[in-house]
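Architecture and fold: a report
Spelled out, the chains give:
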Amino acid sequence: MKRPLRNILAIMPEGFSEELFLSEFKLLYSYFWDDICSKAKEYNRMDKGREKKGLPKIYFFPKPISYLRSIALPIIYNEGLYNQLKKPEKERVEFRENLLEQSLCKQKNRKDKIGQNQKYVQHVIPSYSNYYIQTYFAGKHQNPTDIDTRYAVLQEASKYKSPVTIKFLYKVNASERNYHLRHFAFLTLQKFGEKEVRLRPNRKGEKRPGDKIVPNPINTPEDLIRFIYNSQLEQMKTYDLFISHSSSDSDLILKMKAILNSFGLNVYIDWVSDRNALKRELTNISTAKAIIERLKSSKALLYINTDSSFQSQWTPWELGYFHALKGNRICVYTPNDTPKPAYIDIYPRVNLVDDILMVETEGGCISLKDWLME
């Protein structure tokens, strides 16, 4: 932090104020300012956690602006250092522009990295979240050796970034005795862009049953369908929409996911929701069985009509199965002038208007969210 503070001092004009110095630091070193805010948030969260347990605070991290001011004041009022570092006006302007450019570049790189890490994450709270979380902690106390069920809950939480899942993952990282589960929660928090999160070390003392058990992941269609058939967790799982599509349209599908999530809708996309198990190279009869179960768990189906989906072997099957299953709970989105088979026209059409998906019904256009509630 010493060098950034000295750089800010170097671009300060004669007679500058504390406020100007701090304001320029927050702008030209915005990534450092973000780190300070994250550090304050994390230490405050840990102190609140201790208070809830009846323990005294031990961190007492100040407010971000107070912390920045405390480390900046010795630099701000060091007149000798200022006379040594200050630059002529033209050099000040050029140096400031360089610092701003570097700051914007670093912020963009950080944002891009977070975006890539969360490419397949949904930003919504699933309706079954509370049940999953309750199951996790009940199982931890009642059946501590059933690591696989707790791991399945964590895997599901890792697919949804929300205040509920973040709070849950922090609690697992702080209290879980099994290293593999705790480490998974820690990595997920990092993937979600949570800064200053620390992996809690192993507890000392006598080990308990379940502390060292390695969980069995769900990595194949066979693993998935077996879990769906035998787990109570899966019986509670529901999706607002099953997205029937071609994986060749992945960019479009991810855009649709973001739009639907923004309206609180939880969507099923096979290579997002069951990414580890339903790999294309492992496709077999268990894949079809798993898709059937996901269709059953979905309230409605949104068919994405493109050239690629028209050529797909899967989408007509999904459409036909869901039609037989739930009748008119199907709608169709055509992003361009793709030709449509005649049977597609029996379903209401969806239009994207100002990032809102609207369904054309006999009574007029309504939002897709409202259509789902009919």
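Residues numbered from 1 in each chain as written. Predicted model: local features only at pLDDT ≥ 70, side-chain atom pairs only at ≥ 80, totals over all residues. Heavy atoms only, no water.

**Examining the sheet that holds strand β7 (residues 364-367)**
- One open sheet holds the seven strands; their spatial order is β2-β1-β3-β4-β5-β6-β7, and the pairing between them is mixed. Single-partner strands in this sheet number two, and they are β2 (267-268) and β7.
- Relative to β7, strand β6 (residues 356-361) is paired through four bridges, and the arrangement is antiparallel. Among the inter-strand pairings, V359 is bridged to a residue of β7, identified as I366. (Pairing = 2+ DSSP bridges. Helix = DSSP H or I, 4+ residues; strand = E, 2+ residues; numbered from the N terminus.)

**Observations regarding the environment of V197**
- With respect to the helices and strands, V197 occurs in the loop between α10 (179-191) and α11 (221-230).
- By relative accessible area, V197 is classed as buried at 11%.
- Here the alpha-carbon distance between V197 and F61, two residues 136 residues apart in the chain, equals 15 Å.
- Discounting chain neighbours no more than four positions away, the residues touching V197 are Y170, N173, F186, L189 and Q190. (Buried < 20%, exposed > 50% of the residue type's maximum accessible area, 1.4 Å probe, protein only. Contact = heavy atoms within 4.5 Å.)

**Considerations on the layout of surface pockets**
- As a volume, the largest pocket reaches approximately 1,300 Å³.
- What lines the largest pocket is a set of 35 residues, among which R45, G49, Y170, K171 and A174 lie closest to the centre.
- Counting residues per element, the ones that place at least two in the lining of the largest pocket are α3 (30-52), α7 (129-142) and α9 (163-175).
- Per-element tally for the lining of the largest pocket: the top contributor is α9, with 10 residues.
- Its volume calculated, the second largest pocket comes out at about 490 Å³. (1 Å grid on protein atoms, 1.4 Å probe; cavity = no way out; pocket = protein on both sides within 12 Å on 5 of 7 lines; lining within 4 Å. Points joined across faces, edges and corners; volume = space filled by probe spheres on them.)

**Quick word on unusual backbone geometry**
- The phi dihedral of D354 falls on the positive side, at around 50°, and the residue is not glycine.
- Summarising the element assignment, D354 is placed in the loop between β5 (349-353) and β6.
- Residue class for D354 comes out exposed when judged on its relative accessible area of 72%.
- A positive phi angle, close to 65°, is found at D355, a residue other than glycine.
- Position of D355 relative to the elements: it lies in the loop between β5 and β6.

Purely geometric numbers; function is a separate question.
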